[in-house]
Amino acid sequence: MIITTASFKGGVGKTTTAVHVAAYLQMKGETLLVDGDPNRSATRWAKRGLGFPFKVVSEQQAAKYAKDFQHIVIDTRACPEEEDLKDLVDGCDLLILPTTPDVLSLDALMQTIHLMKKLGSDQYRVLLTRVPPPPRKDGEDAREMLVGAGFPIFQGRIRELVAFQKAALEGVVVRKVSDRRAGTAWNEYVAIGKEILNG
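Residues numbered from 1 in each chain as written. Predicted model: local features only at pLDDT ≥ 70, side-chain atom pairs only at ≥ 80, totals over all residues. Heavy atoms only, no water.

J.: Is there a simple way to think about the overall build of the chain in this case?
T.: Regarding its fold elements, the chain presents eight helices and six strands. The helix and strand sequence of the chain, counted from the amino end, reads β-α-β-α-β-α-β-α-β-α-β-α-α-α. Counting only C-alpha atoms and orienting by the principal axes, one finds that the chain spans roughly 40 × 40 × 30 Å. The contacts of the chain with a sequence gap of at least 6 include a subset with a gap of at least 24, amounting to 74%. Counting every atom, the chain has about 9700 Å² of accessible surface; 50% of that belongs to carbon and sulfur. Within the chain, the 25 negative side-chain charges are centred at a point lying 7 Å from the centre of the 27 positive side-chain charges. (Helix = DSSP H or I, 4+ residues; strand = E, 2+ residues; numbered from the N terminus. Contact = heavy atoms within 4.5 Å. Areas by Shrake-Rupley, 256 points an atom, 1.4 Å probe, with all protein chains shown as cover. Lys, Arg positive; Asp, Glu negative; His and termini not counted. Charge placed at Lys NZ, Arg CZ, Asp CG, Glu CD.)

What follows is the structure, given as structure tokens:
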């Protein structure tokens, strides 16, 4: 299975999603994370700690390693061009479009979905990330709007939790962080992983 994360806007949890989806898939079979972001966010994240439970390679190295893995997760550059997006869609089984539930991110998401429709693709799913805690209702409002518009969306969502920042700083996946919410944070990505595998 080839999973790609993409976004027209930074700061929506694209790399965090790629890392944690790869960590979940690694439990089901050998998984490779391809870091296609020029910022090399996933690579730098892995190097800060003892490494991830899966292999991380650059886009240029992908062809060499891909044949040895059951699952491949690709973290892409932010703001892909139309041609790039077409290639991404053609080259994966599922395109995950993470978005935070704020107006600017949702506007950027709409641009991406408009392009997806133009390309005639429906093999994508929206993931709400960095959802603020109650009493704020941003996440619920965004979900209602996306579902109402008929967009495919994950049932699960990823909350705004400090454990994710700690994980990036320590160079580990979130389940390895010493934080009382680390288990909750990891379980939210486990739920997303199950949705991916169950179609």
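J.: Before we go on, may I ask you to explain the side chain of Thr16 in this structure?
T.: For Thr16, the position within the fold is in helix H1 (residues 14-26). Discounting residues that sit within four places of it in the chain, Thr16 has contacts with Trp45, Phe164 and Tyr189.

J.: Whenever I open this one, the packing of helix H5 (residues 103-118) against helix H6 (residues 138-148) confuses me. Can you help?
T.: To describe two helices that pack against each other, one gives the angle between their axes and the distance between the axes. In contact at an axis separation of 12 Å, H5 and H6 are set at 20° when each is read in the N-to-C sense. It follows that H5 is roughly parallel to H6 by the angle criterion. When the axes of H5 and H6 are compared, the crossing they make is right-handed. Residues Leu106, Leu109 and Met110 of H5 form the contact with H6, whose participating residues are Ala142, Met145 and Leu146. For the contact of H5 with H6, a count of residues per class yields six nonpolar, no polar and no charged. (Axes fitted to C-alpha atoms, helices over the stretch in contact; angles between N-to-C directions. Parallel < 35°, antiparallel > 145°, perpendicular 65-115°, else oblique. Left-handed = near helix turned anticlockwise from the far one by under 90°. Nonpolar A, V, L, I, M, F, W, Y, C, P; charged D, E, K, R; others polar.)

J.: What is the right way to read the environment of Ala149 from this model?
T.: Assignment of secondary structure puts Ala149 in the loop between H6 and helix H7 (162-170). Judged by relative accessible area, which is 40%, Ala149 ranks as partly exposed. The sequence separation of Ala149 and Gly11 amounts to 138 residues, and the corresponding C-alpha distance is 24 Å. (Buried < 20%, exposed > 50% of the residue type's maximum accessible area, 1.4 Å probe, protein only.)

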